[in-house]
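Now for the letters of each chain:
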Amino acid sequence: MTRTTRRDARARRHHRLRRRIAGTPERPRLAVFRSNAHISAQVIDDTRGHTLAAASTLETDLDPSGEDGKTGQATLVGRRVAERAQQAGIDRVVLDRGGNAYHGRVRALADGAREGGLEL
């Protein structure tokens, strides 16, 4: 009897989502990656396989002061990726939550992207 780990279950959900979600030039994919310590987001055109905009908590100029922990940092990353996407001429994206629940930091990133002007 094999045991399904949380990591395996997330990967299975992500594969199931990716069958239905694809980034096009008109509406690229906003891919979210969440680790225990950091979160990153990329706007990807899957037809060409190009990353059009990206942001992460690993960036040294991201100032988390005044924000409430990792959730606040996720909001900042969402705003930053939205700003960079708009500079690249992108207004609408489709959210790829990476198999994670739409809750907590993933939701905060999505809300930050909406605040930044992206339509999800």
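Our structure's up above, just so we're on the same page.
All of the points below concern the structure found in this document. Everything numeric here is computed off the predicted structure, so don't read it as measured data.

This part takes up the pairing of strand β2 (residues 39-45). Within β2, five of the seven residues are buried, which leaves the element mostly enclosed by the surrounding structure. Relative to β2, strand β1 (residues 29-34) runs antiparallel, the two being bridged by six bridges. Pairing of R29 across the sheet is with I44, part of β2. Joining the antiparallel neighbours β1 and β2 is a turn of four residues. By the bridge criterion, six bridges tie β2 to strand β3 (residues 50-56) in an arrangement that is antiparallel. Across the sheet, residue S40 finds its bridge partner in β3, namely S56. Between the antiparallel neighbours β2 and β3 lie four residues, among them G49 with a positive phi of about 75°.

About the criteria used
- Residues numbered from 1 in each chain as written.
- Predicted model: local features only at pLDDT ≥ 70, side-chain atom pairs only at ≥ 80, totals over all residues.
- Heavy atoms only, no water.
- Buried < 20%, exposed > 50% of the residue type's maximum accessible area, 1.4 Å probe, protein only.
- Helix = DSSP H or I, 4+ residues; strand = E, 2+ residues; numbered from the N terminus.
- Pairing = 2+ DSSP bridges.

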